[in-house]
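# Results of the structural survey
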Amino acid sequence: MYPEAKLIALEENYRSTQVILDSAESLISGEKRLKANAIYPNTNIDVYDFSRPEVEIFFLANDIKKKINAGVSPNEIAVLYRDNRDVFPIARVFEKFAIPFVIESDQDILGDQDIRKLLLILRTVNEYGKDDLAIEAMHIDFLHITPLDVYKIIAYAGEHCTRVQDVMRSEESLRALDAENPLAIINFANQLSRWKSVSKNKDVLSFFETVVRESGFLSSILGSSDSVEKMDKLNALFDELKTLLEAHRTATLADLFTYLDTLKEHNILVKKNLARHIVREVRLMTAHRSKGLEFESVYLVNAHNGHWGNKRHPNALPLSPKVYSLLDHEIEWDEQADERRLFYVALTRAKKEVTITYAKTSASGREQLPSQFVGEIRGDLIEKKDVGSWEDMYVKSGEAHFAPSISRGVDIRNRDFVRELFLKYGFSVTGLNNYLECPWRYFYTNLLRIPKAKTKHQMYGTAAHAALRDLFETAKKRDPEKEFLLQRFEFHLHREALREHDLEEALEKGRQSLAGYFDAYVGKWNLNTQTEFTVKGVMLSPDVRLTGKIDKMEMMDGAGNVSVVDYKTGRPKSRGEIEGSTKTSNGNIKRQLVFYRLLLDLFHDGKYKMTSGEIDFVESDTKGKYRKERFSIEKDEVEELKALTQKTAEEILSLSFWDRTCGDEACEYCGLRRMMADS
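Residues numbered from 1 in each chain as written. Predicted model: local features only at pLDDT ≥ 70, side-chain atom pairs only at ≥ 80, totals over all residues. Heavy atoms only, no water.

Naming follows an unreviewed UniProt entry, where the protein appears as DNA/RNA helicase, superfamily I of Candidatus Jorgensenbacteria bacterium GW2011_GWA2_45_13.

### With respect to the overall build of the protein
Each helix and strand in the protein was counted, giving 26 helices and 14 strands. Sorting the 679 residues of the protein into buried and exposed places 50% on the buried side. Sequence separation of 24 or more characterises 73% of the internal contacts of the protein that already satisfy a separation of 6 or more. For the protein, the accessible area works out to roughly 34,000 Å², and carbon and sulfur atoms hold 49% of it. (Helix = DSSP H or I, 4+ residues; strand = E, 2+ residues; numbered from the N terminus. Buried < 20%, exposed > 50% of the residue type's maximum accessible area, 1.4 Å probe, protein only. Contact = heavy atoms within 4.5 Å. Areas by Shrake-Rupley, 256 points an atom, 1.4 Å probe, with all protein chains shown as cover.)

### Description of a nonpolar patch on the surface
A cluster of nonpolar side chains, Leu148, Tyr151 and Ile154, forms an exposed patch at the surface whose accessible area comes to about 290 Å². Inspection of the secondary structure puts Tyr151 in helix α6 (residues 147-159). Here Tyr151 falls in the partly exposed class, since its relative accessible area comes to 49%. (Patch = residues over 30% accessible without salt bridge, like charges linked within 9 Å, V, L, I, M, F, W, Y side chains within 5 Å. Salt bridge = Lys/Arg side-chain N within 4 Å of Asp/Glu carboxyl O.)

### A word on the pairing of strand β10 (residues 529-541)
When β10 meets strand β11 (residues 544-555), the two strands line up antiparallel, connected through nine bridges. What sits directly across from Thr531, in β11, is Lys552. Joining the antiparallel neighbours β10 and β11 is a turn of two residues. (Pairing = 2+ DSSP bridges.)

### Topic: helix α25 (residues 635-654)
With 20 residues, α25 extends 29 Å between its outermost C-alpha atoms, agreeing within 8% with the 28 Å of an ideal straight helix rising 1.5 Å per residue. For α25, the set of buried residues is Val638, Leu641, Thr645, Thr648, Ala649, Glu651, Ile652 and Leu653. Looking at the buried residues of α25, the elements they touch are α17 (415-425), α18 (429-437), α19 (439-447), β10, β11 and α24 (588-602). Phi turns positive one or two residues past the end of α25, at Leu655, with a value near 60°. (Expected span 1.5 Å × (residues − 1).)

### As for the pattern of salt bridges
Going through the model one piece at a time under the given rule, you end up with 56 salt bridges. With a shortest N-O distance of 2.2 Å, Glu104 and Arg283 are connected by a salt bridge. Pair noted here: Glu104 is in the loop between β5 (101-103) and α4 (113-126) and Arg283 is in strand β6 (residues 282-286), with a separation of 179 residues, a long-range link. Per residue, the accessibility class of Glu104 equals that of Arg283, and both read buried. Between Glu473 and Lys476 there is a salt bridge, and its shortest N-O distance comes to 3.1 Å. When its relative accessible area of 44% is taken as the criterion, Lys476 is described as partly exposed. Beyond isolated ion pairs, a larger network of salt bridges with shared partners links Arg82, Asp83, Arg85 and Glu339.

### Some words on the packing of aromatic side chains
Summed over the entire model, instances satisfying the criterion amount to 32 aromatic pairs. Ring geometry for Phe422 versus Phe427: centroids 5.3 Å apart, planes at 50°, classification tilted. Note on Phe422: relative accessible area 0%, which makes it buried. Given a relative accessible area of 0%, Phe427 falls into the buried group. Judged by centre distance (5.2 Å) and plane angle (80°), the rings of Phe472 and Trp525 are edge-to-face. Taken together, the residues span a long stretch of sequence, with Phe472 in helix α20 (residues 456-474) and Trp525 in the loop between α22 (500-521) and β10 at a distance of 53 residues. Residue Phe472 is classed as buried on the basis of its relative accessible area of 1%. Within the aromatic cluster, the residues linked to one another by ring pairs are Phe422, Phe427, Tyr435, Trp440, Tyr442, Phe443, Tyr444, Phe657 and Trp658. The residue whose ring lies beneath Arg449 is Tyr425, and the NZ or CZ to ring-centre distance is 3.6 Å. Here the guanidinium or amino end of Lys552 rests over the ring plane of Phe472, the centre of that ring lying 3.8 Å away. (Phe/Tyr/Trp six-rings, centres within 6.5 Å; stacked < 30°, edge-to-face > 60°. Lys NZ or Arg CZ within 6 Å of the ring centre and 35° of its normal.)

### As for the environment of Pro370
Among the secondary structure elements, Pro370 is positioned in the loop between β8 (350-359) and α15 (372-376). By relative accessible area, which is 33% here, Pro370 ends up partly exposed. Considered as a pair, Pro370 and Asn305 are 65 residues apart in the sequence and their alpha carbons are 5.2 Å apart.

### Quick look at the packing of α4 against helix α9 (residues 182-201)
Taken N-terminus to C-terminus, the directions of α4 and α9 make an angle of 75°; their axes are 9 Å apart at the nearest point. Judged on the interaxial angle alone, α9 and α4 are roughly perpendicular. Contacts between α4 and α9 involve Ile121, Thr124, Val125 and Asn126 from the first element and Leu192, Trp195, Lys196 and Ser199 from the second. For the contact of α4 with α9, the class distribution of residues is four nonpolar, three polar and one charged. (Axes fitted to C-alpha atoms, helices over the stretch in contact; angles between N-to-C directions. Parallel < 35°, antiparallel > 145°, perpendicular 65-115°, else oblique. Nonpolar A, V, L, I, M, F, W, Y, C, P; charged D, E, K, R; others polar.)

### Considerations on the packing of α18 against α25
In a packed pair of helices, the relevant descriptors are the angle between the two axes and the axis-to-axis distance. Close contact between α18 and α25 brings their axes to 11 Å; oriented N to C, the two are set at 70°. Overall, the two elements α18 and α25 adopt an arrangement that is roughly perpendicular. Judged by the sense of rotation from one axis to the other, the crossing of α18 with α25 is left-handed. Between α18 and α25, the contacting residues are Leu432, Tyr435 and Leu436 on the first element and Leu641, Leu644, Thr645, Thr648, Glu651 and Ile652 on the second. Its residues placed into classes, the contact of α18 with α25 shows six nonpolar, two polar and one charged. (Left-handed = near helix turned anticlockwise from the far one by under 90°.)

### Section: α20
The end-to-end C-alpha separation of α20 is 27 Å, in line with the 27 Å expected for 19 residues at 1.5 Å each. Every buried residue belonging to α20 is among Met459, Tyr460, Gly461, Ala463, Ala464, Ala466, Ala467, Leu468, Asp470, Leu471, Phe472 and Thr474, and all of these are buried. Here the buried face of α20 lies against α21 (482-494), α22, β10, β11 and β12 (561-568).

### Topic: the sheet that holds strand β14 (residues 628-631)
Spatial strand order, β10-β11-β12-β13-β14: five strands in an open sheet with mixed pairing. Two strands lie at the open edges of the sheet, namely β10 and β14, each paired on one side alone. Each strand of the sheet is rotated relative to its neighbour by a mean of 35°, with strand direction disregarded. By the bridge criterion, four bridges tie strand β13 (residues 609-617) to β14 in an arrangement that is antiparallel.

Structural data, given as structure tokens:
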């Protein structure tokens, strides 16, 4: 494709020591030998061969803890393994040693203890009336039903030949069996009944959100010391549910379990999103996941034959290497090429030192040999370490094996975590408005992003905005057409998880509103536009990255002057309501326009100059008229908003809002905060 292109082989490496580079060269030779230009002194690769896996992991935990205590930053230490399942015994021991770590390889959330509790409640609702599920569900800790009460209920139901769930609902029966916490039992029984009704009358996402909040599951995980990871797993399950609904808009709760059971039957993982990485955590990941990363210290674990290399892959019909070649003769074929490259990648993630470990016997007692790749590394680059002292230490530390696990997760009150999320997501005008309304609304919806189903009004708005975007994008090539606008609206609306009745209602409303909107403005539009103009991040200050998406920018001339348009699909508001000068308004809409000017002022050194902002109502007023309200955004308004944004950001980053509430006793977000404190 590029006949003039030249391939240049690099000779210098600025990451790893010469020992690490030469070790990698032993496995796969390049055209030219790489020369190290790293700052670290040369040290040989340490190889440990332990008697069994338990001692190997015991060494791993102790050696890493020693490094951390000596001042090595935990995030400069990586443990690399071949398969996802390798991490679980390592994680259990690290928890006992209180080593901070993050697992960055794929994890099946359906096997997570907390997610299993939530799914048990959902399954109990789906199969409402089954006593065995209700009995199992009553053992869930955050329901606060004692095991003794559960056993009393089972015995009472058996003696009186009645159903367990009838006993759970009966105050008289619970008094008779002397239940310790009858209110918790009755509450759960009533919730199951009500949730069954909700599951039949609401979409699955709304039902899921209801159970997550009302059951106590959400407040339980928010109050835990590893709430960040637990929220990651909850959001992963919520995303999987959204994926199901995208393919089957009318899916029911029963369909969800059919879907999950199918995944389980075929060993398909529901993967957790890659963990949000907070500094100062040891990184645990597969060698595949480590590609492109680098660490001071790398541990390659379970490096035994058949695990790293020489894997057994039955091939009923082996093919000659000739079939893989375009040549007439057979080529030299290396069955271990992929495994060798993977081991090479793992080795070269290290900047300073590599430690390779394996056990000479498996957990089942089978003898294990070191990986062939360990044997291929030049002998003068390896130092085989004596493991005798570690074997003795393991035997003498019997009590440590039964020590309780110490939670190693990241708490949502961790300032580094909050700062990371704040920079990751940026600060939008929606986030600012949410914070000003209630700090906890911002925290839970914009930062932590707890699962929340879109309302039918939000789904309608999404479809209307998308249809208008399509209309103006198409208008750059041909005249705008009303039928095209309506067709695109219907297309986008059908992609939303609306129930049949709500879908028909939204279709009728949209056809009427959008047709009238088109008729009111066709021929009057400025068609020189940019739609959904996204500003991914401009820096207000080193710690404050602003983001935003502008529905439409109308180009006023060739000098960069623009008019910003923001669509509103709800009831048209007066100018006073937009500005926040009426008793029931808050000024959020006008603040949105000022924020857009601030964004554009900072974007590419003022490439676009916002001359005005316009609120464009896509629904007619009570007289059938369509309205727009245009505003000129003044410089002093921008400066005032800039100061407010900076002040708000500082409050968020310092967590100074932590003990405040918005003052509204009915606020669901402040309610979550109170539940988190009580859990």
